[in-house]
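Per-entry structural report
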Amino acid sequence: MTQSSEIAGKAAFDYIRYAQLWEDADVLTAALGDVTGGTLVSICSAGDNALAMLTLDPAKVVVVDLSPAQIASLHLRIGAFRNLSHPEFLELMGAVKSDRRAALLERAIADLDADTKALWDSLSDEVARHGAGGVGKFERYFRIFRTRLLPLVHSRRTIDDTFVSRPKAERQEFLDTRFNTWRWRLLLNVFFSRFVMGRMGRDKAFFDHVDGSPAQHVARRIRHAAVDCDPAENPYLHWILKGTHGAALPMTWRAEHYDVIRSRLDRLDIRPGSLEAFVSTGEKADGFNLSDIFEYMSPDVFAQVYERILSAASPNARLVYWNMMAPRRVPTDLQPCVNTLTDVEDTQKRRDKAFFYSDFVVEEVRP
Ligand SMILES: C[S@@+](CC[C@H](N)C(=O)[O-])C[C@H]1O[C@@H](n2cnc3c(N)ncnc32)[C@H](O)[C@@H]1O
């Protein structure tokens, strides 16, 4: 197999697909275990989770992504952490309302390289309107859902009431009697059809290996987010339904981590390109954030890539990743090489606020 990646030939990577990370960094960092002083590897995506991994005090975090636009999203954050206060950062990203995002963007990108600057300059109007965390294709998809379709189904009052903290039994009642109406179910079925998701949110190529209906998944996962967990503590649900974060923020965006992350930015080792390229370098890592990239590979390619990752993993390194719809766990042949940390998985799955994933996997390389 080559160092390039199967999906690279299929989907376009010349624009920002994910302007924020839709995977819960609280869950990721808890699952990686004690990696103090170690080398970590992270898929970049929008960059938030690679930054969250700095709170684990590693020697370095190697960040890879096939998409230059996604790498540019990390560079934007680095500029923002360096040049903005925490409240300004939240305004720029879109977590809170702001009427001065264009000016904040200019300050954030002032010291970045010419290409990255040009990309963000070209997005300035969109950033001003939606926040830098709202300019991806995926976020645009949620925005259409929120502004054009959701109002046909739920009143503003129902949406606001969703984020009132209440005991679990009352959350169940709220979901059953106020939220899960026939109009809501119809909306889910249409909006999360393969056709619409492929057109608006994800490349159709990403569905090549996926079984089942996306709408069925979303309905199950909404129950997790709305009943098992407290929606009042869920920044992802808040963004989807209201267009900003509420009182709750994703880990990387929280004030408590801002200074620590800022002080460790020089530990990022950013390598545009594939994960497969990293595992060919001969370097070893003590933990991997693999996002949900396996789901984008056919089972055969997944098995090959998994084996290559093992060859680049130190003893006890953990492979942490999500599945959205296609099931991916250690391939049968390689099971003797890892322990599945079921307790860690179960504990973290229960609190995973990024609710659209069907599985969360933590596998530890045997010494
Ligand atoms: C797999 S996608 C999933 C996004 C995610 N669910 C989120 O919330 O951001 C994340 C990133 O992985 C990158 N990617 C996919 N396959 C890759 C590979 N083999 N090597 C490096 N990056 C890859 C994509 O370019 C994308 O930016």
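Going by the structure above, here's the rest.
The notes below deal with the structure included here.

**Overview of the packing of helix α8 (residues 137–153) against helix α14 (residues 235–242)**
- Between α8 and α14, the shortest axis-to-axis distance is 7 Å and the interhelical angle comes to 50 degrees. Looking at the two axes, α8 sits oblique to α14. Packed against α8, whose contacting residues are F142, F145, R146 and L150, the element α14 presents W239, I240, L241 and K242 at the interface.

**Quick notes on the site of the ligand**
- Around the ligand, the surrounding shell holds 22 residues, and the nearest of these are W22, S45, D65, D292 and Y357.
- Between the ligand and the protein, one listed contact pairs an oxygen atom with a side-chain N or O atom of S45 at 2.5 Å.
- For the ligand, the protein covers 98% of the area, taking 580 Å² as the surface of the free molecule.
- Residue classes in the shell around the ligand are distributed as 11 nonpolar, 7 polar and 4 charged.

**Comments concerning the side chain of T39**
- Of note, T39 is situated in strand β1 (residues 39–43).
- Owing to a relative accessible area of 16%, T39 belongs among the buried residues under this scheme.
- T39 has contacts with K60, V62, K284, A285, D286 and G287, leaving out every residue within four places of it along the chain.

**Structural notes on the pattern of salt bridges**
- Enumeration according to the criterion identifies 22 salt bridges in this entry.
- Salt-bridge contacts for D24 lead to K353; the nearest nitrogen and oxygen are separated by 3.0 Å. Of this pair, D24 sits in the segment before α1 (25–32) while K353 sits in the loop between α18 (342–351) and β7 (359–365); the two residues are 329 residues apart in sequence, bridging distant segments of the chain.
- When its relative accessible area of 14% is taken as the criterion, K353 is described as buried.
- K353 is paired through a salt bridge with D26; the nearest N and O atoms lie 3.0 Å apart. Taken together, the positions of K353 in the loop between α18 and β7 and D26 in helix α1 put the pair 327 residues apart, joining distant regions of the chain.

Thresholds applied
- Residue positions are given per chain, counting from 1 as you read along its sequence in written order.
- At least 70 in pLDDT is required for a residue's local features to be given in this predicted model, at least 80 for side-chain atom pairs to be given and counted, and no such filter applies to totals for whole chains, interfaces and linings, which use all residues.
- Hydrogens and water are ignored here; the side-chain numbers use all heavy atoms of the structure.
- Only the stretch in contact is used when a helix axis is fitted, and all axes are lines through C-alpha atoms; the angle between N-to-C directions ranges over 0 to 180 degrees.
- The way it works is that DSSP assigns letters per residue, a run of H or I at least four long becomes a helix, a run of E at least two long becomes a strand, and they are numbered from the N terminus.
- The cut-offs work like this: below 35 degrees is roughly parallel, past 145 is roughly antiparallel, 65 to 115 is roughly perpendicular, and the gaps in between are oblique.
- By the convention used here, residues are in contact when the closest approach between their heavy atoms is within 4.5 Å.
- Any residue with a non-hydrogen atom lying within 4 Å of a molecule or strand is treated as near it.
- We call two N or O atoms a polar contact when they sit within 3.5 Å, provided that within protein one can donate a hydrogen and the other can accept it, with sequence-adjacent residues counted only if both atoms are side-chain atoms.
- Residue-level accessible areas treat just the shown protein chains as cover; the underlying method is Shrake-Rupley with a 1.4 Å probe.
- Just so you know the grouping, Ala, Val, Leu, Ile, Met, Phe, Trp, Tyr, Cys and Pro go in nonpolar, Asp, Glu, Lys and Arg go in charged, and all remaining residues, Gly too, go in polar.
- Buried residues are those whose accessible area, probed at 1.4 Å on protein chains only, stays under 20% of the maximum for their type, while exposed residues exceed 50% and partly exposed ones sit between those limits.
- By salt bridge we mean one thing: a side-chain nitrogen of Lys or Arg within 4 Å of a carboxyl oxygen of Asp or Glu.

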